[in-house]
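Listed here are the chains, written in short residue letters.
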Amino acid sequence: MSLAVQIRQHGGPEELQIVDVPVGEPGPGEIRIRHRAVGLNFIDVYHRTGLYPLGMPATIGMEGAGVVEAVGEGVTHLQVGDRAAYASNPPGAYCEVRVMPAKCVCKLPDAISFETGAAMMLKGLTAQYLLKKTLPVEGLHSGDHVLFHAAAGGVGLIASQWAKALGLQLIGTAGTDAKCQLALANGAAHAINYNTEDFAARVKEITGGKGVKVVYDSVGKDTWDKSLDCLRPFGLMASFGNASGPVAPFAPGSLGAKGSIYVTRQTLFTHIATRESTQAMADELFAVVASGQVKIHIDQRYPLADVQKAHRDLEARKTTGCTILTL
């Protein structure tokens, strides 16, 4: 048996309940992992509320780290006793022990702690595919400006540091002056408090009127329209989340009027659809963290039993950096 956080219907944080669930043996292509820590992400809120519907009852959570307890037939990259970490579908990380597909689970280097592994996999792999694979048609080169919303969040702080390592001029936005300072301390070249400044006007000022090559946006509804106005001709609007709500329908013709710009909606799980792509991306993430160029900031820790409070704080934007649930 394992303690797990389940929901029996979509709704608020009060729907998150601690229950005992049976845990079986892994089948072909699966492993059983005993978690040491679990990551908290905004996609967990989408699953809880039903924005991304799940069958009921559902255990949520998309990333964790721990020790492999059992290995199913056909799994060759992991062995019993291995330290491991993952960001993976299907949801189910909010638990002590789970059986899950092995393809997205990676061996965790000894130099990286379980807590760091749990905090960084989904957010770090997201930063990797954004900065390395979600690129404007003209590419990104040292000195180029990019705009990154929610720059003081878990993905944002990793991306700010990684962008600096790549020589990019990252303009970060956040909702408070303190969060802006945090982004600057982690590699952002500029930071804009979108509650006190017009971020589109400020971006144009920073870039000498040219605009940025790419906007990375996980906020959605509240930032969408002004973000399009921040792009230079042939720029890329890269949506990867909707913390403020889904983006409203828009006319494709407006993209031409704004400079023949591009729009894409990305998800991590397309990028980690195969064992090979997952490992290649994870190797880059492990290397940049081990080198010290990217530090993983775990700013909040909650016991698994306090998962309701964790969700309330996340939705109220009281959190910065990464958040984990401890076991």
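Below, the structure is looked at part by part. Fair warning: this is a prediction, and the values are worked out from it, not measured in the lab.

## Things to note about the overall build of the protein chain
- Regarding its fold elements, the protein chain presents 10 helices and 16 strands.
- Here the protein chain holds 327 residues, and 55% of them are scored as buried.
- When contacts within the protein chain are restricted to residue pairs at least 6 apart in sequence, long-range pairs at least 24 apart make up 70% of them.
- Working note: accessible area of the protein chain is about 13100 Å², and carbon and sulfur atoms make up 52% of it.
- Here the protein chain carries 30 positive and 30 negative side-chain charges, and the mean point of each set is 3 Å from the other.

## Concerning the packing of aromatic side chains
- With the rule as written, the count across this model stands at five aromatic pairs.
- Relative to tyrosine 216, the ring of phenylalanine 148 has its centre 5.7 Å away and its plane inclined at 45°; by these criteria the two rings are tilted. Here phenylalanine 148 is found in strand β9 (residues 145-148), whereas its partner tyrosine 216 is found in strand β12 (residues 212-217), with 68 residues between them in sequence. By the burial criterion, phenylalanine 148 is buried, and tyrosine 216 matches it.
- Relative to phenylalanine 250, the ring of tryptophan 224 lies with its centre 5.6 Å away and its plane at 40°, an arrangement referred to as tilted. Of the two residues, tryptophan 224 sits in helix α6 (residues 224-228) while phenylalanine 250 sits in the loop between β13 (231-239) and α7 (253-257), which places them 26 residues apart along the sequence.

## Some points on helix α5 (residues 199-206)
- Listing the buried residues of α5 in full gives Phe199, Ala200, Val203 and Ile206. Considered in projection along α5, the buried side chains sweep an arc of 125° and stay on one side of the axis.
- Here the buried face of α5 lies against β9, β10 (169-174), β11 (190-193), β12 and α6.
- Sitting at the head of α5, aspartate 198 places a side-chain oxygen 3.0 Å from the backbone nitrogen of alanine 200.
- Of the residues one or two after α5, glycine 208 is the one with positive phi, at around 65°.

## Some words on the layout of surface pockets
- Empty space within the largest pocket amounts to approximately 840 Å³.
- Contributing to the lining of the largest pocket are 39 residues, with Phe42, Val155, Ser218, Phe240 and Ala243 lying nearest its centre.
- Among the elements of the structure, α1 (42-49), α2 (114-133), α3 (154-165), β10, α8 (268-271) and β16 (322-326) are those that each provide at least two residues to the lining of the largest pocket.
- In terms of residue count, α2 provides more of the lining of the largest pocket than any other element does, four residues in total.
- Classifying every residue of the lining of the largest pocket by side-chain character gives 21 nonpolar, 14 polar and four charged.
- Within this model, the second largest pocket holds a volume of roughly 170 Å³.
- Of all elements in the fold, only β1 (2-7) and β7 (97-101) reach the threshold of two or more residues within the lining of the second largest pocket.
- Per-class residue counts for the lining of the second largest pocket are nine nonpolar, three polar and one charged.

## Topic: the side chain of arginine 98
- As for its position among the elements, arginine 98 is in strand β7.
- Buried charged residue arginine 98 carries no salt bridge. Nearest counter-charge: glutamate 30, at 8.9 Å.
- A distance of 3.1 Å separates a polar atom in the side chain of arginine 98 from a polar atom in the side chain of tyrosine 86.
- In this structure the side chain of arginine 98 is engaged in a polar contact, spanning 2.9 Å, whose partner is the backbone oxygen of proline 90.
- In this structure, arginine 98 is in contact with Val23, Ile31, Arg32, Ile33, His35, Tyr86, Pro90, Pro91, Gly92 and Ala93, ignoring residues within four places of it in sequence.

## With respect to helix α10 (residues 307-315)
- Taken as a whole, α10 has its buried residues at Val307, Ala310, His311, Asp313 and Leu314. Burial along α10 is one-sided: seen end-on, the buried residues are contained in an arc of 165°.
- Here the buried face of α10 lies against β1, β3 (30-40), α1, β15 (298-303) and β16.
- Of the residues flanking the end of α10, it is arginine 317, one or two places downstream, whose phi is positive at about 60°.

Calculation criteria
Residues numbered from 1 in each chain as written. Predicted model: local features only at pLDDT ≥ 70, side-chain atom pairs only at ≥ 80, totals over all residues. Heavy atoms only, no water. Helix = DSSP H or I, 4+ residues; strand = E, 2+ residues; numbered from the N terminus. Buried < 20%, exposed > 50% of the residue type's maximum accessible area, 1.4 Å probe, protein only. Contact = heavy atoms within 4.5 Å. Areas by Shrake-Rupley, 256 points an atom, 1.4 Å probe, with all protein chains shown as cover. Lys, Arg positive; Asp, Glu negative; His and termini not counted. Charge placed at Lys NZ, Arg CZ, Asp CG, Glu CD. Phe/Tyr/Trp six-rings, centres within 6.5 Å; stacked < 30°, edge-to-face > 60°. Arc of directions from axis to C-beta. Polar contact = N/O pair within 3.5 Å; in protein donor to acceptor, adjacent residues only side chain to side chain. 1 Å grid on protein atoms, 1.4 Å probe; cavity = no way out; pocket = protein on both sides within 12 Å on 5 of 7 lines; lining within 4 Å. Points joined across faces, edges and corners; volume = space filled by probe spheres on them. Nonpolar A, V, L, I, M, F, W, Y, C, P; charged D, E, K, R; others polar. Salt bridge = Lys/Arg side-chain N within 4 Å of Asp/Glu carboxyl O.

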